[in-house]
Amino acid sequence: MVSAIRVIVEATIPDYWYNILPDLPKPLPPPINPATKEPINPKDLEIIFPKELIKQEMSNERWIPIPKEIKEAYRLWRPTPLYRAYNLESYLKTPAKIYYKYEGVSPPGSHKSNTAIAQAYYNYKEGIENLTTETGAGQWGSALAFACHMFGLKARIYMVRSSYDQKPYRRILMQLWNADVYASPSNNTKYGKSLLEKDPTNPGSLGIAISEAIEDAITHEKTKYSLGSVLNHVLLHQTVIGQEAKQQIEYLDDYPDMIVGCIGGGSSFSGLFWPFYYDVVSKKAKKNIEFIAVEPTAAPSITKGVYIYDHGDTARLTPLIKMYTLGHDFIPPPIHAGGLRYHGKAPTLCLLANEGIVKTRAYNQLEVFNAASLFFKLEGILPAPEPAHAIKAVIDEAIKCRQTGEEKTILFLLCGHGYFDIKAYQDYLENKLLPYEYPEEEVKKSIERLYELYPWLKNINF
Ligand SMILES: *Cc1c(COP(=O)(O)O)cnc(C)c1O
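Predicted model only: the values in this text are computed from it and were never measured.

A few words now on the domain arrangement of the protein. Taken domain by domain, the protein comprises domain 1 (6–17 + 61–109 + 236–459) and domain 2 (110–232). Of the roughly 2800 Å² buried where domain 1 meets domain 2, counting both sides, 62% is carbon and sulfur surface. A per-residue breakdown of the area domain 1 buries against domain 2 is headed by Pro108, His237 and Phe420, which together make up 21% of the total. Linking domain 1 to domain 2 there are 1 salt bridge. Among the ionic pairs, Arg170 bridges to Asp421, the shortest N-O distance being 3.2 Å.

The next thing to look at is the site of the ligand. By nearness alone, 15 residues border the ligand, and Lys112, Ser229, Gly264, Ser267 and Ser268 come closest of all. Within the side chain of Gln139, a nitrogen or oxygen atom sits 3.5 Å from an oxygen atom of the ligand. In this structure, an oxygen atom belonging to the ligand sits 2.6 Å away from a side-chain N or O atom of Ser267. Relative to its unbound accessible area of 380 Å², the ligand is 97% covered by the protein chains. Tallied by class, the residues present in the shell around the ligand amount to 3 nonpolar, 10 polar and 2 charged. For the shell around the ligand, the domains that each give at least three residues are domain 1 (6–17 + 61–109 + 236–459) and domain 2 (110–232).

Counted residue by residue, strand 7 (residues 97–102) has 5 buried out of 6 residues, so it is predominantly covered. Here 6 bridges tie strand 7 to strand 17 (residues 409–414), and the two strands are oriented parallel to one another. Looking at strand 17, one finds that Tyr100 is bridged to Phe412.

To continue, consider the sheet that holds strand 1 (residues 7–8). Pairing is mixed across the open sheet formed by 7 strands, whose spatial order is 1-6-7-17-12-13-16. Because the sheet does not close on itself, it has two edges, and the strands there are strand 1 and strand 16 (358–363). With respect to the sheet, helix 11 (residues 240–251) is in contact with strand 1, strand 6 (82–84), strand 7 and strand 17, its orientation differing from that of strand 7 by roughly 140 degrees. Sitting on the sheet, helix 12 (residues 267–281) is in contact with strand 12 (258–262), strand 13 (290–296), strand 16 and strand 17, with an inclination near 155 degrees to strand 12.

What counts and what doesn't
- Residues numbered from 1 in each chain as written.
- Predicted model: local features only at pLDDT ≥ 70, side-chain atom pairs only at ≥ 80, totals over all residues.
- Heavy atoms only, no water.
- Domains from an automatic or database assignment.
- Buried area = accessible area lost by both parts, 1.4 Å probe.
- Salt bridge = Lys/Arg side-chain N within 4 Å of Asp/Glu carboxyl O.
- Near = heavy atom within 4 Å.
- Polar contact = N/O pair within 3.5 Å; in protein donor to acceptor, adjacent residues only side chain to side chain.
- Areas by Shrake-Rupley, 256 points an atom, 1.4 Å probe, with all protein chains shown as cover.
- Nonpolar A, V, L, I, M, F, W, Y, C, P; charged D, E, K, R; others polar.
- Buried < 20%, exposed > 50% of the residue type's maximum accessible area, 1.4 Å probe, protein only.
- Helix = DSSP H or I, 4+ residues; strand = E, 2+ residues; numbered from the N terminus.
- Pairing = 2+ DSSP bridges.
- Contact = heavy atoms within 4.5 Å.
- Axes fitted to C-alpha atoms, helices over the stretch in contact; angles between N-to-C directions.

Here is the structure:
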């Protein structure tokens, strides 16, 4: 009996990535160079990114072929399984059907290797020998270290010093994959050195680590920089997730009414929902799907942020990007979902949220860890703190279905496991987690500072 199946592993790894740009309801506002106040020239990006990725970033091709070398690398852990959460459903006494696509089976334990492999491959094809990047708790760093090792590149990873010291486990994975990992600020760059001269105990931040990784890339031969979320090319590499999930859920004769995922930059959630969004725009969708993105109340970019042009990083090295933002000088509260502590979100996701096509909600980390520990007890997989946000939303929706009697099919993304986040669960058990809410007032102040910096932003017309 097909409907009793708890896990589907079979699916065909897709031959193409899906690019949403030609299917957006409006053209995406272009990235702007703050010096010229004009859209950036793609050539300017060539000092940090390989040509093929810049081409994908701007591409209007709907389907981008996945090279066979990348498919071969994906085969190590793809297709990933789709589960039916029977135990959670019966515990909640809900008529809803709950499915989750699980990306924690990848070597570094999250969805991030889907883009890391692609990025390492194109750099390798263009003769690059080293890739630099930044990492917080090490999810992106470990994915890139793994991917570089697959294609014989050297990864140089700037890891926020406080994480380097306090969260060593993913650092050790990176080192096993032969990456060089530097505690940032480091003595490896001019910028890092200047900070250490002022304060040798500087604990670092993602903004500092980004600046170091970019400096390293632009001052060395055959070296480029790599980013793990937010950019169009990163999001489209993640669409293998949704394409597989569609095959798997259709095999069960089902189709989602609702798709849920957590958003840090928005890449994993986009990877799941874009292929279903394509069904909607091409009038192939079997249902009227709701898309729900979940963020922390501690970093509520879409629920409390403003949809304007802002920098993607604290050091203001990136172009200005139109997105929901809390302000680029946002200092994230110390919540455990490190991957969701970003001030902005992917421009495509922000456009869809602004059009009302994607709905957003926010939860605090206490309610999120309650949901995660319930999920662990019932379903047997320890979720990373980030997708635990999606689980909280799914539980709320399933309870609503119990009340209304609706037999909705809910699909969510479990984008990574939490076995390296044990410290967070320890703090949870010891009642040390605070239900942090980022104040609206702080967002206002940040945006005022942004307008002081660039008064012309108020009149910009893109
Ligand atoms: C990095 C990360 C995120 C946040 O990034 P997105 O681009 O929004 O996917 C979420 N979950 C996990 C497990 C991550 O590693």
